Every structure is written in C-alpha cells, then in structure tokens.
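# Working through the structure, step by step
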Amino acid sequence: MNTIKLLATLTILSLALPIIITPTQAQLSPTYYNATCPNVIAIIRTSIRQAIARERRMAASIIRLHFHDCFVQGCDASILLDNSPTIQSEKSAGPNANSVRGFDVIETAKRAVEASCRGVVSCADVLTIAAREASIGVGGPTWNLNLGRRDSTTANVNAANTDLPSPFSNLQGLIDSFSNKGLSVTDMVALSGAHTLGQAQCFLFRGRINSNGTDIDRNFASTRRRTCPQTGGDTNLAPLDLVTPNSFDNNYYRNLVARRGLLSSDQILLTGSTAATVTRYSTRPRDFATDFASAMVRMSEITPILRPNGIVRSVCNVIG
C-alpha cells in the first residue's frame, strides 16, 4: 500500500513539474494568448483599420514606430514611455522628436484590449501586432506572429540617438546598424522598403535635391524643390514614394532604379553589395513582399523581454 502511495505521489509531482519550470523557460509563441486573450488580434486589427481609415498615412507611422522601438534595447515598448521622474523618454531623441507618430493609436488599441483582457497583453505585443495589421491594411504582406513579449520599465534615449539608422548614413553605416541588431544585408534592404509608405521632412532631403549629383533624376529634384526651398520649410513633407505613397508595393525600388529615391540613405542602396537586391525587388514584387515579411519577424524578435522579467503595462506611456 505504501508503495502504491509513493508511486502516486511521484506521478503527481512529475505532472506538476512542467508547470513549475514554465515561467523560467518562457518563449515567444504564436499561441501565447490563445487561452488568456483569444480575441487580441481581432481587437487590434479593428483598432488599426479604423485609424488607417481616418488617415492612411498612419500605416507607415505604426510600422516605423515598431522599428524605432525594436532597434533600441529590443522590442519592449520602451519608445512608448513618457518623461517621468525616473524616465527620460526616447521620444525626445533626435530620430524621434517631432517625427515618430502613432502613439495615440497604440494607446487606443491597448485600451480596447484591456477592456476585454485586463492585465494580460503587453504594450510590446500590441505594437508588434499593430505593425503587421498596418501592413495588411494598405495592401502589404502578412506574417506569422510570435507573441509573449513583456514591457520594459526603462527607456534609453542615448541608444535611440546612436542605434537608429540615420537618413544620412552611407552604405556601410547602414549595414553596420542592422548587423548590430542581428539583421542581414537582405533584411536591411527589405525593411527599407517600408519607405514605399509615408513621408519625410524637408530638412532630411534638402541636401540631396540640391546636390546636382549624378545619382538623382533632375526632374525629380526639381519637383521636390517646389515644396522644399534651400532655406526655410524644414518641416514641409514630401512622400517617400511619389507614385503610390499610401499603398504597400515595390515602387520604392523602382524609384531607386530611376534615381528617384528621396533620402540619401535610400538611394545609396542602389550601390555596392545591395544594388542587385534593389534591382531584383524592382521587378519581382513577390520577392520583396516575402523578404519583407521574414525580416519583420526577425526584427520583432530582437532581444524581447520574456516572462518572468518585465511587466505588462496597463497604460503604454507610463509604468504600471
């Protein structure tokens, strides 16, 4: 009888053991919220589609917001934090100030999620899902999502100033920026294709359109100078893709081949080791869409915070 009791006890312990060790072995998973918040993707999809319906440019802003989050201490929603007595916000960094947008859209999506599943879904995962839904919402590719990120309790304004690629970078500088995050040259060229959407401020491309260089189409430069004078108008906006600025397609690469890239860091991709990939994407949109989706998955998994570390913020712009 004692032997039977001992075997029963050992069986119970062996069944319980995975439950005990799971928190220390947490991993990103496509089924992470299946039991705790099964409708999370549908909730965020509705919120993002409403935002894009109000302003189609918002799709580009959400994708860019995700990029700027992941390149600074990983995909941890640190970019969403406001200044506080203990936080110096990444929003004040040079690449983000008066430039990165969509914070209110993510907060709205988070509120909708909290109304259904309180305290379960991290802001980092909300932003990750939102970026995919933004792509789909303007005709771009979809990709599989691995979820389970936790939110940071810190921000890093210094890293935001140093780690994000500059629109004035040369080719090697861009390659190094992405390599430092574990992303390949192909990932870099594919992710740059997000510039098929959105707009840039005049001060970021003024030098290029006035350079009289051989790498810019004269008519394109002349058109851009109409709204970006040599002095003043620093915040005047121009579409990164003059042809279809609000649709996700491969026109960005076709523009580069025609020497109509708006930013220097875009046009530089048609040189050196990246030129062949740009040319291929310009004629093979499916290749671009496939590689972009794969690169977005890899980018979204840059050093995530996993349970039991980090927190789940109830509001994305403050710790708590």
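Residues numbered from 1 in each chain as written. Predicted model: local features only at pLDDT ≥ 70, side-chain atom pairs only at ≥ 80, totals over all residues. Heavy atoms only, no water.

### Topic: the nonpolar core
Of all hydrophobic cores here, the largest spans 73 residues; its most connected members are Leu80, Ile106 and Met299. In this view, Leu80 contacts Leu65, Lys91, Phe103, Ile106, Cys123, Arg313, Cys316 and Asn317; residues no more than four positions away in its chain are not counted. Counting 13 residues, the second largest nonpolar core, distinct from the first, contains Cys202, Ala238, Leu240 and Leu262. (Core = buried A, V, L, I, M, F, W, Y, C linked by side-chain atoms within 4.5 Å. Buried < 20%, exposed > 50% of the residue type's maximum accessible area, 1.4 Å probe, protein only. Contact = heavy atoms within 4.5 Å.)

### Quick notes on the packing of helix H7 (residues 171-179) against helix H8 (residues 185-192)
Relative to each other, H7 and H8 sit at 105°, their axes nearing to 9 Å. In terms of orientation, H7 lies roughly perpendicular with respect to H8. Residues Leu171, Leu174, Ile175 and Phe178 of H7 form the contact with H8, whose participating residues are Val185, Met188 and Leu191. Residue composition of the contact of H7 with H8, grouped by class: seven nonpolar, no polar and no charged. (Axes fitted to C-alpha atoms, helices over the stretch in contact; angles between N-to-C directions. Helix = DSSP H or I, 4+ residues; strand = E, 2+ residues; numbered from the N terminus. Parallel < 35°, antiparallel > 145°, perpendicular 65-115°, else oblique. Nonpolar A, V, L, I, M, F, W, Y, C, P; charged D, E, K, R; others polar.)

### Topic: the environment of Phe71
With respect to the helices and strands, the residue Phe71 is situated in the loop between helix H3 (58-70) and helix H4 (103-116). For the pair Phe71 and Ile87, spaced 16 residues apart in the sequence, the C-alpha separation amounts to 18 Å. Apart from residues no more than four positions distant in its own chain, Phe71 is found in contact with Asp163, Leu164, Pro165, Ser177, Phe178, Lys181, Leu183, Met299 and Ile302.

### Section: the state of the cysteines
All told, the structure shown has four disulfides when counted by the stated rule. Residue Cys37 pairs covalently with Cys117 via a disulfide, S to S 2.1 Å. The S-S bond linking Cys37 to Cys117 shows a torsion near 75°; that makes this disulfide right-handed. One end of the pair, Cys37, is in the loop between helix H1 (2-21) and helix H2 (40-54); the other, Cys117, is in the loop between H4 and helix H5 (123-137), with 80 residues separating them in the sequence. When its relative accessible area of 6% is taken as the criterion, Cys117 is described as buried. Between the sulfur of Cys123 and that of Cys316 lies a disulfide, 2.2 Å long from S to S. The sign of the S-S torsion, about -100°, decides the handedness of the disulfide formed by Cys123 and Cys316: left-handed. Taken together, the residues Cys123 in helix H5 and Cys316 in the segment after strand S4 (305-306) connect sequence positions 193 residues apart. According to the relative accessible area criterion, Cys316 is buried, its value standing at 1%. Once the disulfide-bonded cysteines of the chain are ranked by sequence position, their pairing pattern turns out to be 1-4, 2-3, 5-8, 6-7. (Disulfide = S-S within 2.5 Å.)

### Some details on H2
Helix length check: H2 (15 residues) gives 22 Å between terminal C-alpha atoms against 21 Å at 1.5 Å per residue, within 8%. Lining the buried residues of H2 we find H3, H4 and H5. (Expected span 1.5 Å × (residues − 1).)

### Concerning the pattern of salt bridges
Once the charged atoms of two side chains with opposite charge are near each other, the side chains can pair. Enumeration over the complete set of coordinates arrives at 14 salt bridges. Note that Arg260 is salt-bridged to Asp217, the shortest N-O span being 3.8 Å. On the criterion of sequence distance, the pair formed by Arg260 in the loop between helix H11 (251-257) and helix H12 (264-267) and Asp217 in the loop between helix H9 (202-209) and helix H10 (218-225) is long-range, its members being 43 residues apart. Of the residues examined, Asp217 reaches a relative accessible area of 13% and is grouped as buried. Through salt bridges that share partners, Arg280, Arg284, Asp287 and Asp291 make up one connected network. (Salt bridge = Lys/Arg side-chain N within 4 Å of Asp/Glu carboxyl O.)

### Points about the side chain of Thr196
With respect to the helices, strands and loops of the structure, Thr196 is situated in the loop between H8 and strand S2 (199-201). On the basis of relative accessible area, Thr196 is assigned to the buried category, the value being 0%. Here the side chain of Thr196 touches Asp249 through a polar contact of 2.9 Å, side chain to side chain. Not counting residues within four places of it along the chain, the set of residues in contact with Thr196 comprises Asp241, Thr244, Pro245, Ser247, Phe248, Asp249, Asn251 and Tyr252. (Polar contact = N/O pair within 3.5 Å; in protein donor to acceptor, adjacent residues only side chain to side chain.)

### Focus: the confidence of the model for the chain
Mean pLDDT over the chain: 92, with 92% of residues reaching 70 or higher. A low-confidence stretch, residues 1-25 (pLDDT under 50), is modelled with four contacts involving residues beyond four sequence positions or located in other chains. (pLDDT = per-residue confidence, 0-100.)

### Points about the UniProt feature "active site" (unreviewed entry) in the chain
On the UniProt side, "active site" (unreviewed entry) is annotated at positions that read His68 here. Residue position: His68 is located in helix H3. (UniProt positions renumbered as here; feature names shortened; annotations may be inferred.)

### Observations regarding unusual backbone geometry
Following Arg307, the chain continues into Pro308 via a peptide bond in cis, with omega recorded as 15°. Examined against the element boundaries, Pro308 turns out to sit in the segment after S4. Although it is not a glycine, Gln73 sits at a positive phi angle of roughly 50°. Looking at where Gln73 falls in the secondary structure, it is placed in the loop between H3 and H4. A positive phi angle, close to 55°, is found at Asn98, a residue other than glycine. By the secondary structure assignment, Asn98 is in the loop between H3 and H4.

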